[in-house]
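Chain by chain, the residues:
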Amino acid sequence: MIQTQTAGCVPPLSQVVGSAAISTVELMKFLDVDGLGQVSRIGLGTWQFGSPEWGYGDGYAAGPARDIVARARALGVTLFDTAEVYGFGKSERILGEALGDARADVVVASKIFPVAPFPAVIKQREAASARRLGLDRIPLYQIHQPNPVVPDSVIMPGMRDLLDKGRIGAAGVSNYSLDRWRKADAALGRPVISNQVHFSLAHCAPLEDIVPFAEANNRMVMAYSPLAQGLLGGKYGVDNRPGGVRATNRLFSTENLRRIEPLLDTLRDIAATMGVKPAQVALAWLISLPGVVAIPGASSVEQLEFNVAAADLELSTENRDALTAAARAFRPVSVGRSLVDMARERLGR
């Protein structure tokens, strides 16, 4: 059974980001999940740990990454998500080292990339991830992507064997459609407890089927990219487009930045009335939904604290409904049109 709970979070947090103070965090919200125990509604995604595409090198791993994990634990975060492909194993290793003796007290979630996902291979790959994490048992082990060729009737017996032998605490999936999630359930012969999906106010498709299924069946939805790579922070716009990795994201095309402005205006207005930042409201909206946890990344302790502060926000029904309506009204252009848009921008049109 998944139940929402709150628990004291110490020490309290009072930090300043930009010109606005972050609200003091007094309570962390949790889900009580079968096979996992208490899962914090705000977790920590660690894709950036050891991943060169985000510009974080060995110096980051040895310093800031450890500080971020330690601060997360102090603020009540119990969910830490990683994967074997993040930095080709570096993320798992960095996370395991940063957690230290606390590894056994938190929910570490890792993922297997489903290349040749046959039972014997799954067993080997889980053992390799566990070694890098420094764990005898991975609390939540997930299939990273649906394999387009190999069905879950072939994949899930390997996951079931890991469950039966106590190598993992629960089985999950990632990027699965509702239909594929149900098929994975049937193939496992017991609940596939979670589905990690792309989910935010800017990408709210899971509202239509994934979230209702999770609520009805006591499952957990893990929202990755919950701030749409910073778009929901409200600082980017037509006249202020990002560079780097974000520049390749179609959401940051000129046309999509125009289209999302009503949603961003709603976010800004609600944040202003609450005395917080738009990104915090965006996270609060996600974790107000039944069975949903968010796993934003953090490049610094300050960013981690900023994200965790969202757990202390309570949205009114009116504000939550306004955000949901604005999210559903946002219709981003397709990839094709986005590429055309980018070409026009390069030509100065």
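Refer to the structure printed above.
Rules of the game
- Residues numbered from 1 in each chain as written.
- Predicted model: local features only at pLDDT ≥ 70, side-chain atom pairs only at ≥ 80, totals over all residues.
- Heavy atoms only, no water.
- Axes fitted to C-alpha atoms, helices over the stretch in contact; angles between N-to-C directions.
- Helix = DSSP H or I, 4+ residues; strand = E, 2+ residues; numbered from the N terminus.
- Parallel < 35°, antiparallel > 145°, perpendicular 65-115°, else oblique.
- Left-handed = near helix turned anticlockwise from the far one by under 90°.
- Contact = heavy atoms within 4.5 Å.
- Expected span 1.5 Å × (residues − 1).
- Buried < 20%, exposed > 50% of the residue type's maximum accessible area, 1.4 Å probe, protein only.
- Arc of directions from axis to C-beta.
- Core = buried A, V, L, I, M, F, W, Y, C linked by side-chain atoms within 4.5 Å.
- Pairing = 2+ DSSP bridges.

Trainee: Lay out the packing of helix α2 (residues 64-74) against helix α11 (residues 301-308) in plain terms, naming residues and giving numbers.
Mentor: As a packed pair, α2 and α11 sit with axes 9 Å apart at the nearest point and diverge in direction by 30°. Judged by the angle between their axes, α2 and α11 are roughly parallel. Considering only the axes of α2 and α11, their crossing is right-handed. Along the contact surface, α2 presents Asp67, Ile68, Arg71 and Ala72, while α11 presents Val301, Leu304 and Glu305.

Trainee: Just give me the short version of helix α5 (residues 152-164), but keep the residues and values in it.
Mentor: With 13 residues, α5 extends 18 Å from end C-alpha to end C-alpha; this agrees with the ideal 18 Å at 1.5 Å per step. For α5, the full list of buried residues reads Asp152, Ile155, Met156, Gly158, Met159, Leu162 and Leu163. Buried residues of α5, viewed axially, fall in a sector of 150°; they line one side. Away from its buried face, by an angle of more than 90 degrees, α5 presents the exposed residues Ser153 and Asp164. Buried residues along α5 sit against α4 (119-133), β9 (138-143), β10 (168-174) and α6 (178-188). Immediately downstream of α5, the backbone of glycine 166 shows phi near 75°, a positive value.

Trainee: A description of the nonpolar core should follow, citing residues and the corresponding values.
Mentor: Counting residues in hydrophobic clusters, the biggest one holds 92 residues, and the most contacted among them are Phe80, Met159, Trp181, Phe199, Leu201, Leu232 and Trp285. For this core, the leading source of residues is helix α10 (residues 278-287), giving eight residues. Once residues within four sequence positions are removed from consideration, methionine 159 is found in contact with Ile122, Tyr141, Gln142, Ile143, Ile168, Ala171, Gly172 and Leu188. Among the nonpolar cores identified, the runner-up in size contains 14 residues, and Val33, Val107, Ile193 and Met220 belong to it.

Trainee: Break down α2 for me, with residues and values.
Mentor: Of the residues making up α2, those classed as buried are Ala65, Ile68, Val69, Arg71 and Ala72. Along the long axis of α2, the arc covered by the buried residues comes to 165°, so they all point the same way. Phi turns positive, to about 95°, at glycine 76, one or two residues after α2.

Trainee: I'd love a proper account of the sheet that holds β10, names of residues and values included.
Mentor: The strand order β6-β7-β8-β9-β10-β11-β12-β13 describes an open sheet built from eight strands, whose pairing is parallel. Both outer strands of the open sheet, β6 (44-45) and β13 (292-294), are each paired with one neighbouring strand and no more. Strand direction decides the pairing type here: β9 and β10, joined by five bridges, are parallel. Looking at the pairing, isoleucine 143 lines up with valine 173 of β10.

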